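So the chains spell out like this:
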2 protein chains.
Amino acid sequence: MSQSICGKSRIVGFRFSLYPMSDQFVDVIKGALNETDTSKVWLKTDDISTCIRGKAVHVFDVAKCVYLHAAKTGLHVVLNGTFSIGCPGDSEGDSYMMVDDVRSNEADLFELKIEAPTQFALYPMNNSGYMDLIADVVEIAKVKGTFSGGIHYASRLDGNAHDVFATLEDSFMATQEKVSHVTMTVNIAANSPSRKKA
Amino acid sequence: MSQSICGKSRIVGFRFSLYPMSDQFVDVIKGALNETDTSKVWLKTDDISTCIRGKAVHVFDVAKCVYLHAAKTGLHVVLNGTFSIGCPGDSEGDSYMMVDDVRSNEADLFELKIEAPTQFALYPMNNSGYMDLIADVVEIAKVKGTFSGGIHYASRLDGNAHDVFATLEDSFMATQEKVSHVTMTVNIAANSPSRKKA
Ligand SMILES: [Ca+2]
């Protein structure tokens, strides 16, 4: 791991809640977190949400892993949260920026194929060209084949969870190259009984 | 209703999901929506979320009503969504701006007392002073007595649902007087078994 890579990295955060629509919600949440290797991210859970922070690759790796392990139960579950980078004052947890770039969970996940209908919104902060940056992200999703329409205050993605998470990660990373402080809300469902027909 | 009031109004949107952590989630969601008078807002539901749009008073009235009717079941439920105002291009639903300012649901709700632990984040768009605006909102919450701490990427509120929703509404409305486009994410829980001890 070269020092130059470390020096260029910026800490990414994801504050999320996992919502299993089930009487067994405690077991599903604990199970998904236990099945996820979170050793490369700073992590703190409270009674409302969980916050993970670290290198972008690991934050997105952990996010997808938690979602997939909850979704594979077959229950209706939702991962809902906000990715952040460049938030003024965010520096705690810098030690997690010194880890390598190997995604800890990816190898365990590639066989899990789950449809991940998603609504997301991008907020590039303090930038007068932010509407253009949001339009750029829609183009990224179209190229990925996951874009399925604009809705009020958000965009919709449909597709396999791996493609959807790749779209979210690429969109977020492309935007943060142009804007220091970026946030992105995501609402990623699985196994909804009212699933929109393709 | 004076025309001058109408002319000054700006359409507010709230895209939200209601998550009952229960096998009976469909009934709880439908029940909460059915018990809420939504006649003064534009409303559209899809398989991931519901979007309501209209005058700020009615959007916040409906949001609190949906939350309280779900929470009164005693089940662990969460209302999670994003309020928006001034989003470029948002104009559909203007007819909902011509209604009066009387909150349709408030009279039914005042006897419902439920603790509403909340995490929220404010995003004033395209404004270099946005961090100061966020700090201003913390002051509003402190005066209301609901502020219970800053956390990574969000602020925490605790208190009775009526005080918490009033804090959110006042914070959002105060900010939108200074900034055209504002969004605010809210994650409002009820009846969590892992509820933080006061
Ligand atoms: Ca009524």
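For clarity, every value in this text was computed on a predicted model and none was experimentally measured.

Participant: Any chance you could explain the interface of chain A and chain B here in plain terms?
Facilitator: How big an interface is tends to be stated in terms of the accessible area lost upon association of its parts. Taken together, the contact between chain A and chain B spans 53 residues of the former and 53 residues of the latter. Carbon and sulfur atoms make up 60% of the surface buried where chain A meets chain B, a total of about 4200 Å² over both sides. It is Asp47, His152 and Tyr153 of chain A that lose the most area in chain A upon contact with chain B, and together they represent 19% of the buried surface on that side. The interface formed by chain A and chain B contains 2 salt bridges. Of all the secondary structure elements, the ones that give two or more residues to the side of chain A that touches chain B are strand S1 (12-20), helix H2 (25-34), strand S3 (50-54), strand S4 (77-85), strand S5 (118-124), helix H5 (130-144), strand S7 (154-157) and strand S8 (182-190) of chain A. The greatest single-element share of the side of chain A that touches chain B, amounting to 7 residues, is contributed by S1 of chain A. Class assignment of the residues belonging to the side of chain A that touches chain B gives a composition of 23 nonpolar, 20 polar and 10 charged.

Participant: Which parts of the structure should I look at to understand the packing of H2 of chain A against helix H3 (residues 56-71) of chain A?
Facilitator: Angle between the axes and distance between the axes are the two parameters that describe a pair of packed helices. All names here are of chain A. Two numbers describe how H2 lies on H3: the axes approach to 8 Å, and their chain directions differ by 135°. Put simply, H2 runs oblique to H3. The handedness of the crossing between H2 and H3 comes out as right-handed. For the pair H2 and H3, the contacting residues are Val28, Ala32 and Leu33 in the first and Val66, His69 and Ala70 in the second. Looking at the contact of H2 with H3 residue by residue, the class counts come to 5 nonpolar, 1 polar and no charged.

Participant: Would you take a moment to explain the relation of the copies chain A and chain B for this structure?
Facilitator: Put simply, the second copy of the chain is the first one after a rotation about an axis and a shift along it. Once chain A is rotated about the relating axis by 180° and shifted along it by 0.0 Å, it coincides with chain B to within an RMSD of 0.0 Å. Each copy turns onto its partner about a two-fold axis. Most of the interface of chain A is mirrored in chain B, where 100% of its interface residues again form contacts.

Participant: Is there a simple way to explain the UniProt feature "domain: Thiamin/hydroxymethyl pyrimidine-binding YkoF putative" (unreviewed entry) in chain A in this structure?
Facilitator: The sites that UniProt annotates as "domain: Thiamin/hydroxymethyl pyrimidine-binding YkoF putative" (unreviewed entry) are residues 11-90 and 116-195 of chain A. Counted over residues 11-90 of chain A, helix gives 32% and strand 34%. Its end C-alpha atoms are 8 Å apart.

Participant: Could you clarify how one ought to interpret the side chain of serine 17 of chain B in this entry?
Facilitator: Along the polypeptide, serine 17 of chain B turns up in strand S1 (residues 12-20). Serine 17 of chain B sits in the buried class, given a relative accessible area of 4%. Reaching out from serine 17 of chain B, the side chain makes a polar contact with the side chain of asparagine 187 of chain A at a distance of 3.0 Å.

Participant: In this structure, what is going on with the pairing of S3 of chain A? I would like to understand it.
Facilitator: Every regular strand shows the same layout, with side chains that alternate between the two sheet faces. Residue and element names in this part refer to chain A. Taking burial as the measure, the 5 residues of S3 include 5 buried ones, the bulk of the element. Judged by which residues are buried, S3 turns out to be covered on both faces: Thr50, Ile52 and Gly54 on one side and Cys51 and Arg53 on the other are all buried. Note: S1 against S3, 5 bridges, orientation antiparallel. Paired with phenylalanine 16 across the bridge in S3 is threonine 50. Bridging between strand S2 (residues 42-45) and S3 involves 4 bridges; their strand directions are antiparallel. Following the sheet pairing, tryptophan 42 is matched in S3 by arginine 53. In this structure, the hairpin formed by S2 and S3 is closed by a connection of 4 residues.

Participant: I tried to follow the sheet that holds strand S8 (residues 182-190) of chain B on my own but got confused; where do I start?
Facilitator: Strand pairing within a sheet occurs via backbone hydrogen bonds; the two strands may be parallel or antiparallel. Residues and elements named next belong to chain B. Sheet architecture is open: 8 strands sit in the order S2-S3-S1-S4-S8-S5-S7-S6, paired in antiparallel fashion. Two strands lie at the open edges of the sheet, namely strand S2 (42-45) and strand S6 (147-151), each paired on one side alone. Neighbour-to-neighbour, the strand axes of this sheet turn through a mean angle of 20°, independent of strand direction. Of the pairings in the sheet, the one linking strand S5 (residues 118-124) to S8 comprises 7 bridges and is antiparallel in character. By the bridge assignment, glutamine 119 is partnered in S8 with asparagine 187. Sheet strands touched by helix H5 (residues 130-144): S5, S6 and strand S7 (154-157). Its angle to S5, the strand with the most contacts, is close to 145°. Contacts from helix H6 (residues 161-176) reach S1, strand S4 (77-85), S5, S7 and S8, with the element oriented near 175° to S8.

Calculation criteria
Residues numbered from 1 in each chain as written. Chains lettered and ligands numbered in written order. Predicted model: local features only at pLDDT ≥ 70, side-chain atom pairs only at ≥ 80, totals over all residues. Heavy atoms only, no water. Contact = heavy atoms within 4.5 Å. Buried area = accessible area lost by both parts, 1.4 Å probe. Salt bridge = Lys/Arg side-chain N within 4 Å of Asp/Glu carboxyl O. Helix = DSSP H or I, 4+ residues; strand = E, 2+ residues; numbered from the N terminus. Nonpolar A, V, L, I, M, F, W, Y, C, P; charged D, E, K, R; others polar. Axes fitted to C-alpha atoms, helices over the stretch in contact; angles between N-to-C directions. Parallel < 35°, antiparallel > 145°, perpendicular 65-115°, else oblique. Left-handed = near helix turned anticlockwise from the far one by under 90°. Least-squares fit on C-alpha atoms with pLDDT ≥ 70 in both. UniProt positions renumbered as here; feature names shortened; annotations may be inferred. Buried < 20%, exposed > 50% of the residue type's maximum accessible area, 1.4 Å probe, protein only. Polar contact = N/O pair within 3.5 Å; in protein donor to acceptor, adjacent residues only side chain to side chain. Pairing = 2+ DSSP bridges.

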